[in-house]
Amino acid sequence: MPTYTWPHAHLSHALADYLKLATSAQGRVTTEIPRTRTYPLLVAQEAGLGRLGTDAAIQADEVRLQVDAWAQTKLAAVALAAQVFRLLDARFSGALKNTTLLTEDEAAAGEFYQTKVERIARSGGGDPFFDEYAHVWRVPAFYNVKVNL
């Protein structure tokens, strides 16, 4: 049962696992947009590096994630995005900060990835819009995740 401490490859998986039981999306939290969807749905995926610029050597400890909340009504999508904001953003007490997440590799059973989250802060998004392709409401939000290497 090896444990790897380099967090970047599985950070979105670790946050998806964390959000599964804590939001109204329940088990419908994934790291990729599924072909067939059941709503409400949360999608957590990497969106580049943090806010310091484009030099990966400078900001290797800060990753940017995009978390999309999808639902059939605007109110449900906004409520789901608000749940995620409250659970993740460091400005709230009880948010995900100074926490270690342990995620099992889906492709290799018994291999775990350890992610030491120092803090998470929403850096943009949060505005709902009607997705014309999916015919549902969507609220994208971006979070900068400071990890301890």
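For every chain, the first residue of its written sequence is number 1, and the numbers climb from 1 along that sequence. Confidence filtering applies because this is a predicted model: local features only for residues at pLDDT of at least 70, side-chain atom pairs given and counted only at 80 or more, and all residues used for totals across whole chains, interfaces and linings. Hydrogens and water are ignored here; the side-chain numbers use all heavy atoms of the structure.

Engineer: Whenever I open this one, the pairing of strand β4 (residues 62-71) confuses me. Can you help?
Structural biologist: Every regular strand shows the same layout, with side chains that alternate between the two sheet faces. Per-residue accessibility, obtained with a 1.4 Å probe over protein chains only, is compared with the maximum for each type, and a residue is labelled buried under 20%, exposed over 50%, and partly exposed between these values. Only DSSP runs of H or I covering at least 4 residues are called helices, and only runs of E covering at least 2 are called strands; the numbering of each starts at the N terminus. For β4, the buried fraction is high: nine of the 10 residues fall into the buried class. In terms of strand pairing, β4 meets strand β8 (residues 136-147) through 10 bridges, oriented antiparallel. In the sheet register, Arg-64 faces β8, and the bridge partner there is Asn-144. Any two strands are treated as partners once DSSP identifies two or more bridges connecting them.

Engineer: Got a minute to help me understand the pairing of strand β6 (residues 112-125) in this structure?
Structural biologist: Note that strand β1 (residues 3-4) and β6 share two bridges and pair parallel. The partner of Tyr-4 across the bridge, within β6, is Tyr-113. Note: strand β5 (residues 99-104) against β6, six bridges, orientation antiparallel. Along β6, the bridge assignment pairs Leu-102 with Gln-114. One ladder, built from seven bridges, connects β6 with β8; its direction is antiparallel. In the sheet register, Ala-121 faces β8, and the bridge partner there is Asn-144.

Engineer: Whenever I open this one, unusual backbone geometry confuses me. Can you help?
Structural biologist: Peptide bonds are mostly trans, and most non-glycine residues show a negative phi. Of note, the amide linkage connecting Tyr-39 to Pro-40 takes the cis form, showing an omega dihedral of 0°. Checked against the element boundaries, Pro-40 lands in the loop between β2 (29-30) and β3 (41-49). The residue Asn-98 is not glycine, and still its phi comes out positive at about 50°. Within the secondary structure layout, Asn-98 lies in the loop between α2 (74-88) and β5. Positive phi, normally seen in glycine, also occurs at His-135, with a value near 60°. Locating His-135 in the fold gives a position in the loop between β7 (129-131) and β8.

Engineer: Which parts of the structure should I look at to understand the environment of Asn-144?
Structural biologist: Tracing the backbone shows Asn-144 in strand β8. By relative accessible area, Asn-144 is classed as buried at 7%. Sequence spacing of Asn-144 and Glu-62 is 82 residues, and the spatial spacing of their C-alpha atoms is 6.4 Å.

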